[in-house]
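Structural overview for review
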Amino acid sequence: PAARREIAALGDLVGGVRLPSAAHRRQAATDVLTDVLIFRRREPGREATEQTTLWTEVAQVTLPTGNGDSTAPAHLNRYFNRHRDRILGTVEVGSGMYGSATMKVVAPQSQSVPALLTRALENIVDDALDSGLAMTAAAPDRTQHHELDTAGLHTDSGTDTGTIPGTLRFDAHSSRWEQYQVGA
């Protein structure tokens, strides 16, 4: 929880998706819970969103066991407890790597996990737009950077005077794209 609080101090949880425990089995030969989390840096003076607060806390829940004939207590992130549709499968308590009770997500047999992930991320984007959590990057100050008004690919580093966030140029000497460093 301490790491979550530190992250939550800087930004807001836009949304999250919990993948099935076996999502990494083919590549990494392991079963592990994985959350895909999307954050947005919070502007100064803006309060943390309710979703961010939920994400920093856990709820005591009762989940079915893997054999399906009993239940067991478990801790579930409050964000995912409220947004069960963003858990891509059935949450249950099963046997862990060392025999202890472990929460796991079992993928649905009838649906494609990539399709479920796509749908969940699309819903997160829609929710972000509806709640004002879309990107709000500040545009560069054009009164100080007149070179941005000239059309074309900027490659001459001799005319630069500062960093312009989000702007790229091609460095012919290294044959690489780099962030446009004014004065570099």
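Up top is the structure.
**Concerning the overall build of the protein**
Across its full length, the protein carries five helices and eight strands. Its helices and strands in sequence order give the protein the pattern α-β-α-β-α-β-β-α-β-β-α-β-β, from N to C terminus. When each of the 184 residues of the protein is scored for burial, the buried share is 32%. Looking at the protein alone, contacts between residues at least 24 apart form 45% of all its contacts between residues at least 6 apart. Within the structure as shown, the protein displays about 11700 Å² of accessible surface, and the carbon and sulfur contribution to it stands at 54%.

**Looking at the pattern of salt bridges**
Inspection of every chain in the model, using the stated rule, returns nine salt bridges. Put simply, Glu50 and Arg82 hold a salt bridge, and the shortest N to O gap is 2.7 Å. One end of the pair, Glu50, is in helix 3 (residues 50-55); the other, Arg82, is in helix 4 (residues 78-82), and 32 residues separate them in sequence. Its relative accessible area of 51% is what places Glu50 among the exposed residues. Judged by its relative accessible area of 47%, Arg82 is partly exposed. Here Asp127 and Arg86 are joined by a salt bridge, their closest N and O atoms 2.4 Å apart.

What counts, and where the lines are drawn
- Residues numbered from 1 in each chain as written.
- Predicted model: local features only at pLDDT ≥ 70, side-chain atom pairs only at ≥ 80, totals over all residues.
- Heavy atoms only, no water.
- Helix = DSSP H or I, 4+ residues; strand = E, 2+ residues; numbered from the N terminus.
- Buried < 20%, exposed > 50% of the residue type's maximum accessible area, 1.4 Å probe, protein only.
- Contact = heavy atoms within 4.5 Å.
- Areas by Shrake-Rupley, 256 points an atom, 1.4 Å probe, with all protein chains shown as cover.
- Salt bridge = Lys/Arg side-chain N within 4 Å of Asp/Glu carboxyl O.

Take it as geometry only, folks, not as evidence of what the structure does.
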